[in-house]
Amino acid sequence: HCLAVRAVCQREIDCDRGHGYSWKITLLRNYWKSKVKQEWLSGKYSNIPSRFSLPEKSMYPMDVDTWGEILEAELER
């Protein structure tokens, strides 16, 4: 699980590990974020008609750098 989460959230994992969090805490802090981030990066929500079309769990608190990654992926599509 740690490697799968790190594949999507490398910057976030490295930051948490740099702050001294254990792998268990790091995984708990980033697991759902990685799931949501991967869906956004894969383009799952690229062509939705409105915000009301988004599933309830499509949002997760993410920092500006993460949203920047998602925006860059959208612009490349």
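Calculation criteria
- Residues numbered from 1 in each chain as written.
- Predicted model: local features only at pLDDT ≥ 70, side-chain atom pairs only at ≥ 80, totals over all residues.
- Heavy atoms only, no water.
- Patch = residues over 30% accessible without salt bridge, like charges linked within 9 Å, V, L, I, M, F, W, Y side chains within 5 Å.
- Areas by Shrake-Rupley, 256 points an atom, 1.4 Å probe, with all protein chains shown as cover.
- Salt bridge = Lys/Arg side-chain N within 4 Å of Asp/Glu carboxyl O.
- Helix = DSSP H or I, 4+ residues; strand = E, 2+ residues; numbered from the N terminus.
- Axes fitted to C-alpha atoms, helices over the stretch in contact; angles between N-to-C directions.
- Parallel < 35°, antiparallel > 145°, perpendicular 65-115°, else oblique.
- Contact = heavy atoms within 4.5 Å.
- Buried < 20%, exposed > 50% of the residue type's maximum accessible area, 1.4 Å probe, protein only.
- Expected span 1.5 Å × (residues − 1).
- Arc of directions from axis to C-beta.

(A) Representation of a nonpolar patch on the surface within the structure. On the surface, Y21, I25 and L28 cluster together into a nonpolar patch covering about 280 Å² of accessible area. Within the fold, I25 resides in helix 3 (residues 23-41).

(B) Inspection of the packing of helix 3 against helix 4 (residues 64-76) at higher detail. Helix 4 packs onto helix 3 with a crossing angle of 25° between their chain directions and a minimal axis gap of 9 Å. By the criterion of interaxial angle, the relationship of helix 3 to helix 4 is roughly parallel. Contact residues: K37, W40 and L41 in helix 3; T66, W67, E69, I70, A73 and E74 in helix 4.

(C) Spotlight on the pattern of salt bridges. This model, assessed by the stated rule, comprises nine salt bridges. We note a salt bridge from D14 to R6, for which the minimum N-O separation is 2.8 Å. Residue classification places D14 among the partly exposed positions, given a relative accessible area of 35%. By relative accessible area, which is 30% here, R6 ends up partly exposed.

(D) Local environment of helix 4. An ideal rise of 1.5 Å per residue puts 18 Å on 13 residues; helix 4 measures up with 18 Å between its terminal C-alpha atoms. Within the span of helix 4, buried status applies to T66, I70 and A73. Viewed end-on, helix 4 has its buried residues packed into an arc of 60°, placing them on one side of the element. Exposed residues on helix 4 whose side chains face more than 90 degrees from its buried face are V64, L71, E72, L75 and E76.

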